[in-house]
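# What the coordinates show
Next come the chains, spelled out residue by residue.
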Amino acid sequence: MCGIFACVLCSTDTSRKEMIDVLLTGLHRLEYRGYDSAGIAVDGAGPDDPIVIKEVGSISKLENRVKEVASCDNRMKEDVHFNDSVGIAHTRWATHGPPSRENSHPHSSGPEDNFLVVHNGIITNNTVLRDMLTGYEVKFKSQTDSETVVKLMQFLYDQLIQSIPDLPFPRLVMEVLRQLEGAYAFVFRSRMYPNELVACRLGSPLVVGTKDYRGTERDVFKVNKISQNDKVSNGGTPVTPQFSIVLDKQETGIHPDGGFKGEYLFSSDAGAIGERTDKVFYMEDNDVVHVRRGNLEVFNFHAALDDHVFSDNRIISTLPFELETIMRGSFDHYMLKEIYEQPESLTSTMRGRIKKDEKTGRYEIHLGGVKSRLRDILSSSRIIFVACGSSYHACLAARQVCRSFYSEKRTTAGCRRRNSPLLLFVFGEGCGGTHQRTGERGARERLQRQEMSSIPK
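I will try to describe carefully the structure that is included in this document. (Residues numbered from 1 in each chain as written. Predicted model: local features only at pLDDT ≥ 70, side-chain atom pairs only at ≥ 80, totals over all residues. Heavy atoms only, no water.)

## Quick notes on the overall build of the chain
- Within the chain, the secondary structure is distributed over 13 helices and 25 strands.
- Considering only residue pairs separated by 6 or more positions, the chain has 70% of its internal contacts joining residues 24 or more positions apart.
- Accessible surface, the chain as shown: approximately 22,200 Å² in total, 51% of it carbon and sulfur. (Helix = DSSP H or I, 4+ residues; strand = E, 2+ residues; numbered from the N terminus. Contact = heavy atoms within 4.5 Å. Areas by Shrake-Rupley, 256 points an atom, 1.4 Å probe, with all protein chains shown as cover.)

Structure (structure tokens):
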């Protein structure tokens, strides 16, 4: 399970060494998620000169790699201080391609590192986007879907900047999101937008921490709601869109005048943030968070159908735990700790997904990725659950929940062997997902054969 950690330091006069220490400590707090490689990106000579350092193996190996780079790269002199600074970090569990420096995060848009991204999730239309970009002679270094996303960002930026010279960073990110299918949590930084950061999520978790050194914390962030139009495309190829996105000029974060002094932290898990601040808010599906000049703004890139479950605010909450709860505590190992923490984990998982309808007083469950295909799901006469290992057992439980449908459970291997008509697949994804993706490919091939056979002769 991949882990994201990022930090924005505002008006803090911080050294590069301090930023690196913050990032590495955050990654250590995410080690329990399992990983096979890790990486960070920090400012080099300045905010428009990022340095990316990646390594296969443990965080300790990444720490050694950082020292190696510092010894031979003049840009890594640790006595350099920055008034504002952005750092992003990531732990990767290999899904697209084996563990390697090339496949590790952060991923870059090209040799000049114009755009960098860390990503947790799966982009299901990766192949289509990758083929499209390859047709435009875009070169790839890795096998990951994450690199496809950041290459797409560079591609769209090159098109849009010609007609929109003052293209805002979050606006560019939203145009990238228009083209994507799947689940994701992203954090972007760019040398084209120095000292800015954009984070967004759909399906995958992302939490934001705030720490005001002056003690003037705000307890709520107003959300700018932005309507999501149809994707702008031409035969599957993104083209320069006629924008309907208008970013509200009203500053909705802390200190609109840029006078904020403190830090913003982003992580896949609140536990990685708790050591530095206990003030957090949880991003919801389709949220886009933008940090610039000490100001944090929240946008929601929503679909019209979601209006009745849309929340207008992101409430700052106080984390109820100390550092001891982040670590193993009194448990012998993390697995035992996770077993006993399942009730709390379930509560955290559903946070932001259970909404109260103020008109009816009823509570509704809002699952972004599912809601957009709800009509297809309800019209299906058969559901096939495909998974391996512990994910298979999760599907056994899900089958009971879906007992009103005619459903069938089987292992991935069985799915490959058996050729049966399918209407709806539910894939239970584990940490690696190799067998799941094998089963998915077989299922897609059968569905394609069925579609071909249904065409009138």
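## Quick word on the state of the cysteines
- Evaluation of the coordinates by the stated rule reveals zero disulfides.
- As a non-bridged cysteine, C10 has C7 as the owner of its nearest cysteine sulfur, 8.4 Å distant.
- Since its relative accessible area comes to 2%, C10 is described here as buried. (Disulfide = S-S within 2.5 Å. Buried < 20%, exposed > 50% of the residue type's maximum accessible area, 1.4 Å probe, protein only.)

## A word on the side chain of D145
- On the secondary structure map, D145 appears in helix 4 (residues 145–163).
- Despite being buried, D145 has no salt bridge partner; R92 is the closest side chain of opposite charge, sitting 7.3 Å away.
- Sequence-distant contacts of D145, defined by excluding residues within four places in its chain, comprise H96, H119, G121, I122, I123 and N126. (Lys, Arg positive; Asp, Glu negative; His and termini not counted. Salt bridge = Lys/Arg side-chain N within 4 Å of Asp/Glu carboxyl O.)

## Overview of the packing of helix 1 (residues 16–29) against helix 2 (residues 59–72)
- Two elements in contact, helix 1 and helix 2, have axes separated by 10 Å at closest approach and are oriented at 165°. The pairing of helix 1 with helix 2 is recorded here as roughly antiparallel in orientation. Helix-helix and strand crossings are classified by hand; for helix 1 and helix 2 the assignment is right-handed. Two secondary-structure elements touch here, helix 1 through I20, L24, L27 and H28 and helix 2 through I59, L62, E63 and V66.
- Here the residues of the contact of helix 1 with helix 2 are counted per class, giving six nonpolar, one polar and one charged. (Axes fitted to C-alpha atoms, helices over the stretch in contact; angles between N-to-C directions. Parallel < 35°, antiparallel > 145°, perpendicular 65-115°, else oblique. Left-handed = near helix turned anticlockwise from the far one by under 90°. Nonpolar A, V, L, I, M, F, W, Y, C, P; charged D, E, K, R; others polar.)

## Re the pairing of strand 15 (residues 262–267)
- Counting buried residues in strand 15 gives six out of six residues, a clear majority hidden from the surface.
- Residues G262, Y264 and F266 line one face of strand 15 and the alternating positions E263, L265 and S267 line the opposite face, and both faces are buried.
- Bridge analysis of strand 1 (residues 3–10) against strand 15 gives six bridges, and the strand direction is antiparallel. Counted as the bridge partner of C10 is G262 from strand 15. (Pairing = 2+ DSSP bridges.)

## Observations concerning the side chain of S37
- Mapped onto the secondary structure, S37 falls in strand 3 (residues 37–43).
- Among the polar contacts listed, one links the side chain of S37 to the side chain of D36, at a separation of 3.2 Å.
- Separated by 3.1 Å, the side chains of S37 and S104 make a polar contact.
- Apart from the residues within four sequence positions on either side, S37 is in contact with E55, V56, G57, H90, T91, R92 and S104. (Polar contact = N/O pair within 3.5 Å; in protein donor to acceptor, adjacent residues only side chain to side chain.)

In short, shape yes, function no, at least from these values alone.
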